[in-house]
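Residues per chain are reported as follows:
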Amino acid sequence: MKKIFFTIALSLVVTTLVMAQKQINLPLIPLPQKLEIGQGGFEINESTVLYSESEDAINDLNFLQAYITDHYGITLKSTIGAKQKKSVSVKRNATMKPDAYTLRIDSMSVRIEGGSGAGVFYGIQTLIQLLPAGKTTKLHVASVNIEDEPRFSWRGMHLDVSRHFFTVKEVKKYLDYLAMYKLNTFHWHLTDDQGWRIEIKKYPKLTSISAYRKGTLIGHYSETPERYDTIQYGGFYTQDEIRDVVAYASARHITVVPEIEMPGHALAALAAYPMLACTSGPFEVGRSWGVFKDVFCPLDVTFNFLEDVLTEVTDLFPGKYIHIGGDECPKDRWKESPFCQELMKRNGLKDEHELQSYFVQRIGKFLQTKNKKMIGWDEILEGGIAEDATIMSWRGYSGGVQAAKLKHDVVMTPTAYCYFDYYQSTSPSEPLAIGGYLPLSMVYKFEPVADVLSADEAKYILGTQGNLWTEYIGDFKKVEYMTMPRMAALAEVAWTAKERKDYSSFASRLSSHTKLLSFLNINYSKAFYDISTRVTPNGDRGINVELLCAYPNGQIRYTTNMTEPNSSSPIYDKKFSYDQSMMLKAALFEGPQMKGNVFSQRYLVNYATGKEIVLQDQPDPEYNKGGGFTLVNGILGNLPWNGNDWLGFQKTGLNATIDLGMARGISQVTLDVLSDSVSWIYPPSSMEVLVSENNIDFTSVGKLDSIAIRKSGRQATIKFSKKEVRFVKVIATTAGKIQAGAPGAGNDSWIMVDEISVN
Ligand code: TNX
């Protein structure tokens, strides 16, 4: 008796564990609000019939039918009628919230109910994620009981097709990915300085001239000298193609929000119609990136043009929102223009920000006559927000908070969490990106509702979206790489209740879900398996090294002899110290399988490494991840620069004193510095090294009055005759105000410094 009881108890424990385990492993993204997993499951095979229990769900059912045919090669009968045994059925249920659905799978049937077509469609998407991620004609799906609905109503992805153009076929693929993650808004960035991409019948030159540029910048915007290719580049969508994309999106319950940029980012349009500018031109479609000074001039002819354009645009896009841009509009031309100054006077506008506001409000009024709502980047708050405008908050949270407090709707897309053109990995093999660092775990952490908002104000936060600017994304495989899987993380932010979010669970599900991504031939990034390092001082014996991985499963294995790690390399299980320069390579393994990329890091050791360092002035808090220790931690700040492992000073320079612990014979001091004028970063205007035996009396041993940073090197070195000293002081001064003509002209420049090596 006892024994039997014990066996039952044990098997209960085992089952619960298996259930819990399974729950985590069901590769569902975004995680449903309520999910129970049962025993066994259902097999969809050639004889399964698909029923739509209500006529209005047949289109969504047909979507499922087509998906199964396309991916598994079996064509199931789909019909309207009451569900039968051994069938898949869908139904609209008006008692449910529109976007809500239930999915119930047992050994007898698969049943989906949704509050609307969208709800049914989301149920179908969940079912699709449960199908086998490989070609077979027996589609086993686990037994589940799911009740689900989204947290936010705006769940979006943006795509910039101006900087680089993507074909209708590619745009449709992108929409497939949105659909897979239950995203419902596609923000189509159709116009910008580097190309106008939508046919406007009344202005044919927008496609014959504005859609093409004569060449494109090569490499990164910050590189000097600038280099260009001379290949004509461009393309546009005809109105028929636009309608085709809108219909394709609509079949997936996705609303398309077109963006027509104004008053800035308008150079392509000015190239065809220079009379819309404040000066006479001629203008050329942009070949480089960034912000251009020539913008739309608030002339009557410009408003007539924009209203004509928007009339055609509003006819093409049935959704309620039209995005009018509004970001990054330099005011130089308006300041110089007697017309603008006169217009400002006439309308009592006190500055050019108010003129921008006047511009946007005039367009807003026009859109109202077309029954559309205006949405714009958060700059449209400056100088007074237009009545009824929705704000897309990209420069952090503040624009969104301000707008919500003013009772305006908001979509949150702050760069720090939502810019998928940023690097997602610090690996040196990462393809070129604009800059920044936005790993998957950071996207996942994003909370769209700022905690300073009251419950009432929070209602104005419609949701969130990921943005893909394509300056450095020239082909669709790279579009996939930059968005997948960050789009999946964003989808969970937008859909799943805050309390249910958990990165470990997400990453585990994602790891299984990548099988589906591979099956769909999607070029996803494996950076979420990345390993990173943390170093800490270890008294006199150098540095402690830790290896970290945000992915919760598997083991890290490593080598220190320059060979690549494999499944029999030693397992990293605790931090270790070292006192000699070393090359470490590590990778994540689940069983015998290496998951991500190989991490390699050189750790350097010299007299200064791990020693006590005192900074007279603290770095700017934004660029001070590790304090003074950053300068002696044995790790060179990474390039391309992303803020990690560099210290930034703007108001003061660097003044660092290192205690070598005992007198050492030294003859060389090196400081790592950065040069990136686009980010306002300049090499120090001077660098000096002083030494001391007692930390009171310092003698200068060398000074550089200019520091030339070559492409291949970034180190400023001072050599001197050998000195026996214990204290070393390094002083580096900033270059002062940025000169006219350079980005950020008139502002204080920055210095970014890293490793101080003493030999
Ligand atoms: C800023 S975000 C822009 C875009 C650039 C992007 C690059 C915004 C409203 N404007 O024009 O492509 O940065 O990350």
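Each value, and the rule that gives it
Residues numbered from 1 in each chain as written. Predicted model: local features only at pLDDT ≥ 70, side-chain atom pairs only at ≥ 80, totals over all residues. Heavy atoms only, no water. Near = heavy atom within 4 Å. Polar contact = N/O pair within 3.5 Å; in protein donor to acceptor, adjacent residues only side chain to side chain. Areas by Shrake-Rupley, 256 points an atom, 1.4 Å probe, with all protein chains shown as cover. Nonpolar A, V, L, I, M, F, W, Y, C, P; charged D, E, K, R; others polar. Core = buried A, V, L, I, M, F, W, Y, C linked by side-chain atoms within 4.5 Å. Buried < 20%, exposed > 50% of the residue type's maximum accessible area, 1.4 Å probe, protein only. Contact = heavy atoms within 4.5 Å. Pairing = 2+ DSSP bridges. Helix = DSSP H or I, 4+ residues; strand = E, 2+ residues; numbered from the N terminus. Domains from an automatic or database assignment. Buried area = accessible area lost by both parts, 1.4 Å probe. Salt bridge = Lys/Arg side-chain N within 4 Å of Asp/Glu carboxyl O. Axes fitted to C-alpha atoms, helices over the stretch in contact; angles between N-to-C directions.

Q: Would you explain the site of the ligand in this entry?
A: In the neighbourhood of the ligand, the contacting residues comprise Arg163, His265, Asp327, Glu328, Trp377, Trp394, Tyr419, Asp421, Ile434, Trp469 and Glu471. A distance of 2.8 Å separates an oxygen atom of the ligand from a polar side-chain atom of Arg163. Here a nitrogen atom of the ligand and a side-chain polar atom of Glu328 are 3.4 Å apart. Here the ligand loses 93% of its free accessible area of 370 Å² to cover by the protein chains. Among the residues making up the shell around the ligand, the classes are represented as five nonpolar, one polar and five charged.

Q: I tried to follow the nonpolar core on my own but got confused; where do I start?
A: When a protein is soluble and globular, its nonpolar side chains tend to lie buried together. With 226 residues, the main nonpolar core has Trp188 and Leu654 as its most contacted residues. Residues contacting Leu654, with those up to four places away along its chain left out, are Leu615, Leu631, Phe649, Leu671, Val730, Ile731, Ala732, Ile751 and Val753. Formed by six residues, the second largest nonpolar core is a distinct cluster that contains Trp646, Leu674, Trp750 and Met752.

Q: Honestly, the pairing of strand β32 (residues 715–733) in this entry has me stumped. Any pointers?
A: Two faces belong to every sheet, and in a regular strand the side chains alternate between them. With 14 bridges connecting them, strand β29 (residues 654–673) and β32 associate as antiparallel partners. Bridging from a neighbouring strand, Asp659 pairs with Phe727 of β32.

Q: So what exactly am I meant to see when it comes to the domain arrangement of the protein chain here?
A: Accessible area lost during the coming together of the parts is what is often quoted as the interface size. If you check the domain split of the protein chain, you get domain 1 (8–23 + 503–601), domain 2 (34–148), domain 3 (154–500) and domain 4 (604–759). Averaged C-alpha coordinates put domain 1 and domain 3 at centres separated by 38 Å. Tallying the contact residues gives 17 residues for domain 1 and 17 residues for domain 3. Regarding the contact of domain 1 and domain 3, the summed buried area is about 1,500 Å², with carbon and sulfur atoms giving 63% of it. Across the domain 1-domain 3 interface, the total number found is one salt bridge. As a salt-bridge pair, Arg509 and Glu492 come within 2.8 Å of each other at their nearest N and O atoms.

Q: Any chance you could explain the side chain of Ser757 here in plain terms?
A: Turning to its location among the elements, Ser757 is positioned in strand β33 (residues 751–758). A residue is classified by how much of its surface remains accessible, and Ser757, at 12% relative accessible area, is buried. Beyond its immediate chain neighbours, meaning those up to four positions away, Ser757 contacts Asn606, Gln668, Val669 and Thr670.

Q: Got a minute to help me understand the sheet that holds strand β3 (residues 77–80) in this structure?
A: Strand order across the open sheet formed by seven strands is β1-β7-β5-β6-β4-β2-β3, with mixed pairing between neighbours. Strands at the two margins of the open sheet, each flanked by one partner only, are β1 (34–44) and β3. Taking the axes of each pair of neighbouring strands and ignoring which way they run, one obtains an average angle of 20 degrees across the sheet. Of the pairings in the sheet, the one linking β1 to strand β7 (residues 139–148) comprises eight bridges and is antiparallel in character. In the strand pairing of β7, Lys34 is matched with Glu147. Sheet strands in contact with helix α2 (residues 58–72) are β2 (49–52), β3, β4 (87–92) and β7, and its direction is about 175 degrees off that of β3.

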